[in-house]
Amino acid sequence: MLNFSTKELDTLTKIINSRRDVRGNYFNDKKVSNKELKIILESALQAPSVGYSQPWRFKIVKNKSIKNRVFKQFDKSYKKSFKKFKKRPLYKSLKLEGIKEAPINIAVFYKKNKKQVLGQTYMKRSGEYSVVCAICNMWLTARAMNIGLGWVSIVKPKKINKILNISKEHKLIGYLCIGYTKDFLEEPELKTLKWEKKKSLKECILK
Ligand SMILES: Cc1cc2nc3c(=O)[nH]c(=O)nc-3n(C[C@H](O)[C@H](O)[C@H](O)COP(=O)(O)O)c2cc1C
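Residues numbered from 1 in each chain as written. Predicted model: local features only at pLDDT ≥ 70, side-chain atom pairs only at ≥ 80, totals over all residues. Heavy atoms only, no water.

Caption draft 1: Representation of the overall build of the protein within the structure. Each helix and strand counted, the protein has 7 helices and 4 strands in total. Its helices and strands taken in sequence order, the protein reads α-α-β-α-β-α-β-α-β-α-α from the N to the C terminus. Relative to its length of 207 residues, the protein is compact, with a C-alpha radius of gyration of 18 Å against a globular reference of 17 Å. Its C-alpha atoms give the protein principal-axis dimensions of roughly 50 × 45 × 40 Å. (Helix = DSSP H or I, 4+ residues; strand = E, 2+ residues; numbered from the N terminus. Rg over C-alpha atoms; globule rule 2.2 N^0.38 Å.)

Caption draft 2: Local environment of the site of the ligand. Around the ligand, the neighbouring residues are Arg19, Arg20, Asp21, Arg23, Leu96, Trp151, Val152, Ser153, Ile154, Pro188 and Leu190. Leucine 96 has a polar backbone atom sitting 2.8 Å from a nitrogen atom of the ligand. Coverage of the ligand by the protein chains reaches 73% of its 620 Å² of free accessible surface. Considered class by class, the residues forming the shell around the ligand number 6 nonpolar, 1 polar and 4 charged. (Near = heavy atom within 4 Å. Polar contact = N/O pair within 3.5 Å; in protein donor to acceptor, adjacent residues only side chain to side chain. Areas by Shrake-Rupley, 256 points an atom, 1.4 Å probe, with all protein chains shown as cover. Nonpolar A, V, L, I, M, F, W, Y, C, P; charged D, E, K, R; others polar.)

Caption draft 3: The arrangement of the sheet that holds strand 2 (residues 104–111) in detail. Ordered in space as 1-2-4-3, the 4 strands form an open sheet in which the pairing is antiparallel. With one partner strand each, in any of the chains shown, strand 1 (56–61) and strand 3 (147–152) form the two edges of the open sheet. In this sheet, adjacent strand axes meet at a mean angle of 25° when their direction is disregarded. Here helix 2 (residues 34–45) sits on the sheet and contacts strand 1, strand 2, strand 3 and strand 4 (170–180); the angle it forms with strand 1, its principal contact strand, is near 160°. Here helix 4 (residues 126–144) sits on the sheet and contacts strand 1, strand 2, strand 3 and strand 4; the angle it forms with strand 4, its principal contact strand, is near 5°. (Pairing = 2+ DSSP bridges. Axes fitted to C-alpha atoms, helices over the stretch in contact; angles between N-to-C directions. Contact = heavy atoms within 4.5 Å.)

Okay, here's the thing in structure tokens:
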């Protein structure tokens, strides 16, 4: 049995605690090699998945004109959300993506299994949760490699499928922006800007 030392646990905790959502104003020009990208993607394949269904699919986007089209989609959705957040003027100043700045974008999809999946009979969305687990692995692995990753969800999934020419049996779970970063913020930006407060463990434990 493989046992880990407390030093290794400390390292894992450090990686978890220093993972940040990296947005466009932080990416720099340093190239992410194919070898590095493969390490990040392979980490996704190690994620747990309901009934070992491995329902994740990845579309890697590097092409500038495709990124521009995705960005336009984001921008439309972002501007539409202004109304919802009009009581919070800070919204307008937030940078909430890095689609064009990040050298690599990855659209991560859920592909429903044609066969019955063990464990998914009652909780139908457990396949989608499995894809989220894969994204978390990628996020932490990238952080351990000092590579930034940002998750964009302010897009209409169907429009993204269309731009990327991906069939509708693939459901978009997350649109990721990946690249080296000039810095990792010490704490979540939305905390620093007082958009949200950090919850304590006590607040998260139900009585
Ligand atoms: C499902 C999901 C969707 C997210 N969507 C966005 C997004 O559209 N734009 C953005 O700037 N950040 C997005 N984030 C990042 C969160 O804002 C961020 O994780 C949170 O503020 C905590 O900051 P940290 O990740 O730097 O610790 C998303 C995160 C998750 C898990």
